Amino acid sequence: VAQVTGDGARLLSGVRARRIAEQRLREEITRGVVVPGQRLVEPELGERYGVTRNSARLALDVLIAEGLVERIPNRGARVRIVSTAQAVDLMECRQVLDGLLARKAAQNATDGQLDRLRANLERMRGAVAGQDPLEYFTLLREHHRLLRESACHPIASSLVERLQSQIVHHQFRLLFRPGRVQKSLAGLSRVVDAVTTRRADRAEAAARAHVQGVIDALLVEPAGE
Amino acid sequence: MASPAQETAERALRVAIWRGDMPPGYRLVEAELVARTGVSRSAVRQAIDALAAEGLVERIQNKGARVRVVSTEEAVAITECRMPLEGLLARKAAERITDPEADRLRAHLRTMTAAVDSGDLLKYSELIQQLHGMVGGAARHPIAADLVGRLQAQLVRHQFRLSLRPGRPRVSLRALSELVAAIADRDPSRAEAAAVAHFRSVIAALSEPTPDPGGPV
């Protein structure tokens, strides 16, 4: 189904269009392309993603339900602003669920998945050595994606993904703090070591300890930006 | 934030699903929900989106939405997520509970004991939900409480079935007594361990094959 706009561009509509807009906007929020507090205007979003205004609105409804976007009375919607205190609470939830995922990964991962986890960790080591926090950030997301895939636990995975997208902006900034990527790498090495040697208890404990490091770092964050 | 109309529609849907007026598989027809709740079609649609996001209802390709059917396997997976989050809430509750809240928690446990003693399982089931709500409140951790609430909503029917199993209420009452004692004593580690132990036993019980008890599931 397509609609033709004034300048002749064809806009997608229907369920597929809503999904496209939803996925693209979610990705842009995660990557910080659109920032907390930024206004989201339906016709603009529609144009950017090549979907109808109505599909853009339906996509916003989904992201509002997920807590990524919030409505402003009579003024449309904006990317939700997450305070440091809220980020800590989100991280505390993430901490226990990451523990569960690491445990399940140690139990359920295939040998191929373990190889990919190890290989990705090596690339992370390279990014730290090369002082490339942007590359590290990309690999960090890949690490978590691999762990979720290895865990074979779709419910925990989707909860973590939703929590993650709300705090990614905070985490992204943390990685640029001196010494932070080194600490992060050390924590994740312990997780990968425990998972790849299939020690479930240790994997859970290591994952929780790693997130505790992130929480501690968030808490010493200087007020204001 | 959700509009008041959306909240009205959401609440009505939740209650209907919880009580079984809309059983698993029930088709959600927007027009019917508009008539039932008296709010606009767009508010109804937003309410369905919100409940779909938390897995209480599911969309069917080109046919709207229906109340989601939760298999035993899924109920186990949901409880596995709930277990460490309840552990977190128990720990925070033990750190943050006020004296009046601790008193209310102890009093609530006495009511639960009385319900089990008199064999009132429906009431016991409701009191358990309330207990988790009280722990969530004392924890002052709205994000974990909200996640648990969403997971919980998908489990109510399974948990109610579980409570009808012979001997099960006594087992759960013992575990929850330990949880209440640890929180009221302000012992965070013990409270977390008690919550985890309780949900571990729920998972074990859910995983056991059992004849259908019949009754209001």
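Fair warning: this is a prediction, and the values are worked out from it, not measured in the lab.

Caption draft 1: Broad picture of the overall build of chain A. Check the secondary structure of chain A and you find nine helices and five strands. Put simply, chain A runs from its N terminus to its C terminus through helices and strands in the order β-β-α-β-α-α-β-β-α-α-α-α-α-α. Against the 2.2 N^0.38 benchmark of 17 Å for 225 residues, chain A shows a C-alpha radius of gyration of 19 Å, consistent with a compact globule. Taken over the C-alpha atoms alone, chain A extends approximately 60 × 40 × 30 Å along its principal axes. Per-residue burial for chain A yields a buried fraction of 53% across its 225 residues. Considering only contacts within chain A whose residues lie at least 6 apart along the sequence, 74% involve residues at least 24 apart. Carbon together with sulfur atoms contributes 52% to the accessible area of chain A, which is approximately 10500 Å² in total.

Caption draft 2: Main features of the packing of aromatic side chains. Residues and elements named next belong to chain A. Counted by the stated rule, this structure contains two aromatic pairs over all chains. Residues Phe137 and Phe172 carry aromatic rings whose centres are separated by 4.7 Å and whose planes lie at 80° to one another, so their mutual orientation is edge-to-face. Taken together, the residues span a long stretch of sequence, with Phe137 in helix H6 (residues 133–151) and Phe172 in helix H7 (residues 154–174) at a distance of 35 residues. Judged by relative accessible area, Phe137 falls into the buried class, the value being 4%. Judged by relative accessible area, which is 24%, Phe172 ranks as partly exposed. Ring centres of Phe172 and Phe176 lie 5.4 Å apart, and the angle between their planes is 65°; this geometry places the pair in the edge-to-face category. Within the aromatic cluster, the residues linked to one another by ring pairs are Phe137, Phe172 and Phe176.

Caption draft 3: Spatial organisation of the packing of H6 of chain A against H7 of chain A. Residues and elements named next belong to chain A. Contact geometry for H6 and H7: axes closest at 12 Å, N-to-C directions at 170°. The pairing of H6 with H7 is recorded here as roughly antiparallel in orientation. Of the two elements, H6 crosses H7, and the hand of that crossing is right-handed. Mapping the contact onto sequence places Leu134, Phe137 and Arg148 in H6 and Ser157, Val160, Glu161, Val168 and Phe172 in H7. Residue composition of the contact of H6 with H7, by class: five nonpolar, one polar and two charged.

Caption draft 4: Molecular detail of the sheet that holds strand E3 (residues 65–67) of chain B. Residues and elements named next belong to chain B. Read from one edge of the open sheet, three strands run E1-E3-E2, paired in antiparallel fashion. Looking at which strands have only one partner, the edges of the open sheet turn out to be strand E1 (27–28) and strand E2 (57–59). As judged from the two bridges shared by E1 and E3, these two strands associate in the antiparallel manner. Across the sheet, the residue bridging to Arg27 is Arg66, located in E3.

Caption draft 5: How the structure looks around the nonpolar core. Within the largest apolar cluster, 88 residues are counted, with the highest numbers of intra-cluster contacts made by Val195 of chain A together with Met112 and Ile183 of chain B. Apart from residues no more than four positions distant in its own chain, Met112 of chain B is found in contact with Tyr124, Leu127, Ile128, Leu131, Leu173 and Leu176 of chain B.

The rules we used
Residues numbered from 1 in each chain as written. Chains lettered and ligands numbered in written order. Predicted model: local features only at pLDDT ≥ 70, side-chain atom pairs only at ≥ 80, totals over all residues. Heavy atoms only, no water. Helix = DSSP H or I, 4+ residues; strand = E, 2+ residues; numbered from the N terminus. Rg over C-alpha atoms; globule rule 2.2 N^0.38 Å. Buried < 20%, exposed > 50% of the residue type's maximum accessible area, 1.4 Å probe, protein only. Contact = heavy atoms within 4.5 Å. Areas by Shrake-Rupley, 256 points an atom, 1.4 Å probe, with all protein chains shown as cover. Phe/Tyr/Trp six-rings, centres within 6.5 Å; stacked < 30°, edge-to-face > 60°. Axes fitted to C-alpha atoms, helices over the stretch in contact; angles between N-to-C directions. Parallel < 35°, antiparallel > 145°, perpendicular 65-115°, else oblique. Left-handed = near helix turned anticlockwise from the far one by under 90°. Nonpolar A, V, L, I, M, F, W, Y, C, P; charged D, E, K, R; others polar. Pairing = 2+ DSSP bridges. Core = buried A, V, L, I, M, F, W, Y, C linked by side-chain atoms within 4.5 Å.

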